[in-house]
Each structure stands twice: as C-alpha cells, then as structure tokens.
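Here is what each chain is made of, one letter per residue.
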Amino acid sequence: AIIIVTMPTRSDLTNAITDAARRAFSSLFENHPGCYYYCSLITTGEAHPPVIAAWSHEALAATTANAESAESAQMARRAMKWSYADSPFYCYGEELFESVNRLFAERPKMNHEMTKENWDSEYQLRIDTMESAMARLDSEGVFGSGDARLGTVVLVEVMPPDHSNTDRALRLNPMAALGEWLAEAAELEE
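Position numbers for residues count from 1 along each chain, tracking the sequence in the order it is written. Where local features are concerned, this predicted model is filtered to residues with pLDDT of at least 70; where side-chain atom pairs are given and counted, the filter is 80 or more; whole-chain, interface and lining totals use all residues. As a rule here, side-chain values cover all heavy atoms of the structure and leave hydrogens and water aside.

(A) Layout of the packing of helix 1 (residues 10-31) against helix 4 (residues 98-105). Running from N to C, helix 1 and helix 4 point in directions that differ by 160°, and their axes come no closer than 8 Å. When the interaxial angle is binned, helix 1 and helix 4 end up roughly antiparallel. Here helix 1 runs over helix 4; the crossing is left-handed. On helix 4, the residues that touch Asp 12, Leu 13, Ala 16, Ile 17 and Ala 20 of helix 1 are Ser 99, Val 100, Leu 103 and Phe 104. Nonpolar residues are Ala, Val, Leu, Ile, Met, Phe, Trp, Tyr, Cys and Pro. Charged residues are Asp, Glu, Lys and Arg, and all others, Gly as well, are polar. Here the contact of helix 1 with helix 4 is built from residues that sort into seven nonpolar, one polar and one charged. Helix axes are fitted only over the stretch in contact, all axes being lines through C-alpha atoms; the angle between N-to-C directions runs from 0 to 180 degrees. Strands are runs of DSSP state E lasting at least two residues, helices are runs of H or I lasting at least four, and both sets are numbered from the N terminus onward. The labels follow the angle: roughly parallel below 35 degrees, roughly antiparallel above 145, roughly perpendicular from 65 to 115, and oblique for the rest. When the near helix sits turned anticlockwise from the far one by under a right angle, the crossing is termed left-handed; a clockwise turn instead gives a right-handed crossing. Residues are treated as being in contact if the distance between any of their heavy atoms lies within 4.5 Å.

Following this line, the structure appears as structure tokens:
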C-alpha cells in the first residue's frame, strides 16, 4: 500500500488558528471579564505557531496599581499598555493551540537550510493564515461590533516588532480603532 502524506494547506492552517484563537479569546473574556482594548496573535520572526496576548483596561489598572507614586503608575501604564510580553494574558489558552502546533510541525521547517525564496514564501503563508484567522474572528464579532469594536485593536504581531505589524494593523482594524495604537506603539518603516 502506498501512503500519501499531504502537507497542511493554507486553508488547514487558517481554520485551525481560527478555531484555537476563538476558543482562547472566548475563554479569556468569560473567565477574566473586562473591557479589552488589545487582542493579538503573537509569533516569532521565524513564524512559529502563534499564541494570544491581550490587555483589558482593568488588567492594566490592576497591574500598575502598586506603583510607588501616581507618576510611576503612569509611566508603568505607558510602558505596558501595548506590550504582549507584560500582559497577564500572554500565552493564555496555549493548550488550545495543540492542533495548530501539530500542523505547523508538518509544514516545511523554517531554518537556514531553506533557500531565501522558499523561506520567504513559507513565512508569508504562515503570517497570512494568522491574519486571515484574526480577520475571520473579527467578522464573527469576537472582538465586539459597532462602536464597541472601535475600542479594540486587533493585531497579528511578529516579535521582535517590525513595520509589518503596522501594515497588518491597518488591514485588520477600522482607522477609528487605531488612533492611540498608531501614536503610541506602531513600528514604522525606516
């Protein structure tokens, strides 16, 4: 018998990321109620499988509540406001991404043995599936609708940050949602 192994497709990845992120964000919002202004999928410069990160106004206030002074609390809020790494919800629901991790492992390995062209192509496919997943969740109303949606910045971020994060933010969000983020956190092309 011949066994044919097929590599997960763009559609397979998008569907798996959408499902995992939907479950992770839904669990987060249910178990940690608040007014979420930042919801992101985070990946690395090698486009490894994503995890979520999020901030609510309540979590930011609680995280900075023990500052020594009002001034240091304000500085801490500015420093943490858009930081996935400082978020108490970084990697929230990571276990829900097991199928995503498995599918990514079945794709070509992102390493120095790939040609630059193949590496760039695989990287872009992975990033595109993450962006498609977040766009799909947004269209489902996961991040709110109407005026409530304008209070949330939805992102797909590469760490360390680069200007492509801003490009995706502009595609994923209505301009009315991006004012503060663009002024405070956007990485601009040099």
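(B) Summary view of the nonpolar core. Residues belong to a common nonpolar core when they are buried Ala, Val, Leu, Ile, Met, Phe, Trp, Tyr or Cys residues joined through side-chain atoms within 4.5 Å. Each residue's exposure class comes from its accessible area (1.4 Å probe, protein chains only) as a fraction of the maximum for that residue type: buried when under 20%, exposed when over 50%, partly exposed otherwise. Counting 52 residues, the largest nonpolar core has Phe 25, Tyr 38, Leu 41, Phe 97 and Met 134 as the members making the most contacts within it. Take this core: its biggest share by element is eight residues, from helix 1. Setting aside residues up to four positions removed in sequence, Met 134 forms contacts with Phe 25, Cys 39, Ser 40, Leu 41, Phe 143, Val 154, Leu 155, Val 156 and Leu 172.

(C) Geometry of the packing of helix 5 (residues 116-139) against helix 7 (residues 164-172). Between helix 5 and helix 7, whose axes approach to 11 Å, the crossing angle comes to 30°. Classified by the angle their axes make, helix 5 and helix 7 are roughly parallel. The two elements helix 5 and helix 7 cross, and the hand of that crossing is right-handed. In this structure, helix 5 uses Ile 127, Glu 131, Met 134, Ala 135 and Asp 138 to contact helix 7, whose residues at the interface are Arg 168, Arg 171 and Leu 172.

(D) Summary view of the pairing of strand 3 (residues 153-159). Most of strand 3 is tucked away, with six of its seven residues classed as buried. Whether two strands pair depends on DSSP finding at least two bridges between them. Bridge analysis of strand 1 (residues 36-44) against strand 3 gives seven bridges, and the strand direction is parallel. Pairing of Ile 42 across the sheet is with Glu 157, part of strand 3.

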